[in-house]
Amino acid sequence: MQTAVLGHPGSDTPIILPPDYDDLDRFRRVHRSDSFWCGVLLGGCGKQLSGKRYLDRVCHFAHFPDPDGIPNVCQRRHAGVGSADHLFAKRDLTAWLDAQGFPNSASLIGKPGSRDSAVAFSGSRRRHLLRVQLGSLSVDSWRSMSEELESGADHVDWLFGTAAAAAAYEDMDRRGYALRIKFETVGTARAIQVGTQFSGTEIGWADLSRCRVTRSGISTPFTARPSAKKVTPAAISPAPPVEPSPVPSRQQALPGPGAVRDLEAIAAKVRQALVVAARGGYTLTWDHLAKRVGIPVSSLSEPDRRQILALVDRTGPAGGAAPSSALAEDRTKKYQDLKTRFLEARKFGDAALAIEVAQALESLHPQLPHDIRRAHAADIERIRTWAREQRALAAEGELMSLMHELGRQRTRVGVLGLAEALERAAALERGLVVPPPTVVQAVLSYWRAALAEARRTEVSGSRSASGAVDPETYLTGSDLGAVIAELGQRLAKARVTENREDTERVCREIDLFLAVRPPGASAGLRKMRRLAGRWLTAP
């Protein structure tokens with residue numbers, strides 16, 4: 001296991017063991033006087049742990065040997081870094097709320113270590129509530145919880161984890177967007193990322209430090225989306241004058257031979273060059289202007305450049321386009337800056353930012369000069385491929401979560417809810433690079449058949465529009481044998497090659513199938529899942 005708590009079995013202070021042996025040595029020096037426990041708030045057994053150091057595999061926490069030689073059967077033996085996310089959320093969000101003047105009390109909800117875990121934060125007099133839903137939650141359960149919480153509070157905010165995707169879509173439909181939460185490992189802790197999800201768009205992620213909480217709720221850099229208004233050149237008011245740099249007599253010292261230039265004289269030369277460029281039908285960058293006017297204007301500060309452009313447009317003719325419209329941004333430099341941002345974001349694991357910058361690079365690439373565009377063609381193709389793969393991975397994970405949530409609800413899913421879920425699933429399928437796993441395709445086909453039958457019976461009047469969908473009839477077909485056989489073959493291959501990642505992936509697909517298939521028709525799948533569980537828990 002990778003997580004533990006500090007001090008005693010009932011502690012709520014989580015910590016992560018570094019997987020690399022060099023980092024583990026530094027970790028031991030820092031925590032030489034600390035004790036680590038399989039905490040009860042993690043769903044553990046409460047026994048003491050030690051850090052096991054390995055050169056050929058991942059370092060991890062392990063239980064101390066039993067003095068009687070009895071094997072330890074703790075269910076957390078293979079818990080990953082995400083198993084303590086509820087404790088990291090409790091600690092970090094409490095400190096974040098306190099720092100912004102919102103004193104609160106936090107409580108853990110659900111059985112520790114279970115799939116329905118959540119963290120609740122209550123403000124003073126319960127006027128402002130925050131619920132972090134990390135575990136799965138059905139839409140019906142979320143609706144009832146939300147109504148109950150809102151009846152006794154001024155405002156309720158929800159942060160939905162990956163497993164609560166279905167409830168997040170319901171909240172998004174209600175207020176226009178949903179707030180999501182994810183965690184990234186930073187040293188021996190997990191850093192919180194808050195996401196803002198609008199319908200039909202990718203989730204915009206931001207560090208918790210960039211978010212704020214007010215009496216009207218949590219705001220992120222993405223919650224207030226500006227309206228897309230098109231502004232014509234004629235509607236643009238003259239640029240306001242910008243205070244020049246504090247140089248006496250409105251003079252500016254420029255790099256070079258120490259000459260002192262008057263900004264108004266520089267503006268006159270810049271204006272003349274821009275007017276000539278506009279007449280010729282081409283644009284100039286600041287570097288081009290520096291060569292035309294013989295003054296290193298490209299080295300000026302941004303406020304001084306704005307001052308010069310304000311002077312250029314102020315002395316221009318009335319009507320028509322402003323002379324500064326012939327000044328183009330240096331797209332090559334902007335491309336290089338964006339590429340640097342992309343590499344940094346990917347290096348530090350900020351996939352959301354890297355994808356956003358990759359999209360900007362793709363849009364800018366066709367606007368580059370021909371020779372530079374050709375030189376960077378291979379780079380932009382690699383970036384495009386990487387971004388497409390990352391979006392596909394996120395879409396596949398969300399699709400699996402959506403199908404699993406539908407399977408958990410099964411007969412409680414209404415016709416309208418199922419139709420919306422399948423519409424979302426179709427949108428996610430379009431974002432995949434390769435087709436979804438066979439088990440997901442099989443489950444999708446049965447859900448679609450159930451929806452078609454439910455709609456047919458509504459039209460015929462044999463069932464009310466608000467009735468629940470009963471997919472049982474569509475989940476017992478003999479054609480599922482091929483899907484089960486494929487799962488078995490993949491599981492056997494993963495076992496032979498000792499590929500733990502593939503084994504865990506097949507197990508997730510089996511869990512999805514078990515959630516959807518009716519009880520009594522899943523004996524083979526359950527046996528397969530038990531066998532895979534033994535392989536995963538074997539030392």
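To be clear, the structure that these remarks concern was listed above.
Keep in mind the model is a prediction, meaning the values are calculated, not measured.

### Looking at the pattern of salt bridges
Here's step 1: On inspection of all chains with the given rule, the structure shows 14 salt bridges.
Here's step 2: Taking the shortest distance from any N to any O, the salt bridge between lysine 339 and aspartate 379 comes out at 2.5 Å. Taken together, the positions of lysine 339 in helix α8 (residues 331-347) and aspartate 379 in helix α11 (residues 377-409) put the pair 40 residues apart, joining distant regions of the chain.
Here's step 3: By sharing partners, the salt bridges in this structure join Glu150, Asp157, Asp171, Arg174 and Arg175 into a single network.

### Structural notes on the sheet that holds strand β8 (residues 128-133)
Here's step 1: Strands sit in the order β6-β7-β8-β9-β10-β11-β12 across an open sheet of 7 strands; the sheet is mixed. A strand with exactly one partner marks an edge of an open sheet, and here the two such strands are β6 (104-109) and β12 (204-207). Across the sheet, the axes of successive neighbouring strands diverge by a mean angle of 25 degrees, strand direction being ignored.
Here's step 2: The sheet contact formed by strand β11 (residues 189-198) and β12 spans 4 bridges and is antiparallel.

### Details of the packing of aromatic side chains
Here's step 1: Counting across every chain of the model gives 7 aromatic pairs.
Here's step 2: Consider the rings of tryptophan 142 and tryptophan 158, whose centres lie 5.9 Å apart with planes at 65 degrees: the pair is edge-to-face. Note that tryptophan 142 is positioned in helix α3 (residues 139-150) and tryptophan 158 in strand β9 (residues 155-160), a separation of 16 residues in sequence.
Here's step 3: Using a relative accessible area of 1% as the deciding quantity, one classes tryptophan 158 as buried.
Here's step 4: Aromatic rings pair up to connect Phe27, Phe36 and Phe61 into one cluster.

Conventions and cut-offs
Residues numbered from 1 in each chain as written. Predicted model: local features only at pLDDT ≥ 70, side-chain atom pairs only at ≥ 80, totals over all residues. Heavy atoms only, no water. Salt bridge = Lys/Arg side-chain N within 4 Å of Asp/Glu carboxyl O. Helix = DSSP H or I, 4+ residues; strand = E, 2+ residues; numbered from the N terminus. Pairing = 2+ DSSP bridges. Axes fitted to C-alpha atoms, helices over the stretch in contact; angles between N-to-C directions. Phe/Tyr/Trp six-rings, centres within 6.5 Å; stacked < 30°, edge-to-face > 60°. Buried < 20%, exposed > 50% of the residue type's maximum accessible area, 1.4 Å probe, protein only.

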